[in-house]
Amino acid sequence: MKKLTLAAAALAALGIAGAAIGASHADPAVGAAIKARKATMQLYAFNLGQLGAMAKGDMEYNAAAAQAAADNLVAISGTNQMALWPEGSDNASVEGTRALPAIWEDMEGITKSAAALQTASADMAAVAGTDLASLQGAMGPLGGACGACHKAYRAAD
Amino acid sequence: MYMFLRIVFIAVVLAVLGGGAFWMITRPAPMAAGTYEGLTGDPVQGETVFWAGGCAACHAAPGAEGEARLVLVGGMPFKTQFGTFHAPNISSDPKAGIGDWSVADLGNAMQAGVSPQGAHYYPVFPYTSYVHATPQDIADLHAFMATLPADPTPSVPHDVGFPFSVRASLGGWKLLFFTDDWAVTGDLDAQQLRGRYLVEALGHCAECHTPRNALGGAERSRWLAGGPNPSGQGSIPNITPGGLSWSEGDIAEYLKSGFTPEFDVAGGEMADVVKNTAHLSDEDRAAIASYLKIVPAIQ
């Protein structure tokens, strides 16, 4: 009898946990999209990290590696992300995201921000392989492009 | 009856004297006469003061980008527990802005919190930090601001309830919380001194990063230790060595490009701050980083 009660309790606990997970990503497609866009951000961060480490002097400047990282930024910022941002995947609708509803209310602004990131990435790719000073000069505008979007469309911590 | 009248008379005299004394102590007092006399402003130096002072972060129109950030039309709202303040027009327009101000007018505003008409400013304007600035930097800033565009849009009035709407009460506030003592003292090298000047004076970092008490005064014992955001949303980070483990290089890079060591980017109000610090020299950003390493560590 005691075993049975324990088993029931365990099952109930599992059920509660399951319900909680379910509520955070009620729609599995939404959950998958949030996961994918976080992965995309990670890809940006990794490649920016290569460039940034050189800019800061934490890593020795290497023209080929800098060029590769910058080219990756151009490629990532050029992907079509429409499917990554389905309706109902904002932070007011689901848990586990800081994406503000403003993203879906301001298509024009988002499009402009995305274009600004592509431009800043292309500008970096044009100079990253030249020398360290050129790379350092292109870091600021790149940060500005990332920051403009995060300020407008990402909730504070 | 005679006795009663005498008591009333004495009470009235005491009240007038007391009120008068309070007025004398808390009346808007400008900087010492002659502080800005004979100074010639250099607009090129003034541009550095302008970016280090972060003027555009509050006084540019909300959402302005690029060159538009040099139009200091104001309008940005600041929600606090005392009400909502609005950054005024400080463009070079002589009517709507401050185009007709002298260097002394600008100095008294920035360093004493007193308007040319002799009224107290609310400390949402960081004169508690700018008080540490050199008079020459004020003159240089004055020269630079005169080169910026004029905009005739009138300032948005503050939306502040009683009793905070009575500006005379700010005299008492200043008496309690307005000091020109540096927060970090001791043996500082040249770079740390420059960093202290940029952080404590022009950059006014402590205005947000040091928590405030119930009356809005800085809790200087928790210098730069962060706390809840007065807007009610989120919190402001601790940037003492007790809260920030970034290297000096990390801090300098963050102030230049906005990238954190994890290559996330500045958000919120800091995104606007980085737009200012991005204009500083690498040496100045390194100086800020060196100062942040010697601030007392608070957990």
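As the structure is a computational prediction, the values presented were derived from the model and not from experiment.

### Let's talk about the overall build of chain A
Scanning chain A from N- to C-terminus turns up six helices and zero strands. Listing the helices and strands of chain A from first to last along the sequence gives α-α-α-α-α-α. Here chain A holds 157 residues, and the buried ones make up 34% of them. A separation of at least 24 residues holds for 69% of the contacts in chain A among residues at least 6 apart in sequence. Counting every atom, chain A has about 8,800 Å² of accessible surface; 65% of that belongs to carbon and sulfur.

### Some points on the confidence of the model for chain A
In this model, chain A carries a mean pLDDT of 87, and residues with pLDDT of at least 70 account for 83%. Long-range and interchain partners of residues 10-23 of chain A, a stretch whose pLDDT sits below 50, account for zero contacts in this model, where long-range means more than four residues apart.

### Structural notes on the sheet that holds strand β2 (residues 83-86) of chain B
Residues and elements named next belong to chain B. Spatially, β1-β2-β3 is the arrangement adopted by the three strands of the open sheet, whose pairing is antiparallel. Each edge of the open sheet is held by one strand with a lone partner, namely β1 (77-80) and β3 (159-160). Examined bridge by bridge, β2 and β3 share two bridges and lie antiparallel to one another. Along β3, the bridge assignment pairs G83 with V160.

### Observations regarding the interface of chain A and chain B
How big an interface is tends to be stated in terms of the accessible area lost upon association of its parts. On the side of chain B, 16 residues touch chain A, which itself brings 20 residues to the contact. Between chain A and chain B, the buried area comes to about 1,300 Å², and carbon and sulfur atoms account for 61% of it. Inspection of the chain A/chain B interface yields three salt bridges. Salt-bridge contacts for K151 of chain A lead to D272 of chain B; the nearest nitrogen and oxygen are separated by 3.4 Å. Viewed at the interface, chain B and chain A are joined by four residue pairs in polar contact (both at pLDDT 80 or more). Elements with a contribution of two residues or more to the side of chain A that touches chain B: α2 (28-56) and α6 (132-153) of chain A. Looking at the side of chain A that touches chain B residue by residue, the classes come out as seven nonpolar, eight polar and five charged.

### Thoughts on the pairing of β2 of chain B
All names here are of chain B. Summarising the sheet, β1 and β2 pair through four bridges and their orientation is antiparallel. Paired with T80 across the strands is G83, a residue of β2. Where β1 folds back onto β2 in an antiparallel hairpin, the turn is made up of two residues.

### Some points on a nonpolar patch on the surface
All names here are of chain B. A cluster of nonpolar side chains, M24, I25 and L175, forms an exposed patch at the surface whose accessible area comes to about 330 Å². Of note, L175 is situated in helix α7 (residues 170-177). A residue is classified by how much of its surface remains accessible, and L175, at 54% relative accessible area, is exposed.

### Describing the nonpolar core
Residue and element names in this part refer to chain B. With 50 residues, the main nonpolar core has F50, L141, L224 and Y291 as its most contacted residues. Counting only domains with at least three residues in this core, you end up with domain 1 (38-180) and domain 2 (182-299). Contact partners of Y291, with chain neighbours within four places excluded, come to V184, Q192, G195, R196, V199, E200, W223 and L224.

### Examining the domain arrangement of chain B
All names here are of chain B. Structurally, chain B comprises domain 1 (38-180) and domain 2 (182-299). Each of domain 1 and domain 2 has a C-alpha centre, and the two are 21 Å apart. Here domain 1 meets domain 2 over a buried area of about 2,200 Å², counting both sides, of which 57% is carbon and sulfur. The largest contributions to the domain 1 side of the interface with domain 2 come from W51, A52 and H132, which together make up 25% of the buried area. Taken together, the connections running from domain 1 to domain 2 amount to one salt bridge. As a salt-bridge pair, E65 and K275 come within 3.2 Å of each other at their nearest N and O atoms. For the pair domain 1 and domain 2, the number of links is 11 residue pairs in polar contact (both at pLDDT 80 or more). For the side of domain 1 that touches domain 2, the elements supplying multiple residues, two or more each, are α2 (43-53), α3 (55-59), β1, α5 (127-130) and α7.

Quick notes on the rules
- Residues numbered from 1 in each chain as written.
- Chains lettered and ligands numbered in written order.
- Predicted model: local features only at pLDDT ≥ 70, side-chain atom pairs only at ≥ 80, totals over all residues.
- Heavy atoms only, no water.
- Helix = DSSP H or I, 4+ residues; strand = E, 2+ residues; numbered from the N terminus.
- Buried < 20%, exposed > 50% of the residue type's maximum accessible area, 1.4 Å probe, protein only.
- Contact = heavy atoms within 4.5 Å.
- Areas by Shrake-Rupley, 256 points an atom, 1.4 Å probe, with all protein chains shown as cover.
- pLDDT = per-residue confidence, 0-100.
- Pairing = 2+ DSSP bridges.
- Buried area = accessible area lost by both parts, 1.4 Å probe.
- Salt bridge = Lys/Arg side-chain N within 4 Å of Asp/Glu carboxyl O.
- Polar contact = N/O pair within 3.5 Å; in protein donor to acceptor, adjacent residues only side chain to side chain.
- Nonpolar A, V, L, I, M, F, W, Y, C, P; charged D, E, K, R; others polar.
- Patch = residues over 30% accessible without salt bridge, like charges linked within 9 Å, V, L, I, M, F, W, Y side chains within 5 Å.
- Core = buried A, V, L, I, M, F, W, Y, C linked by side-chain atoms within 4.5 Å.
- Domains from an automatic or database assignment.

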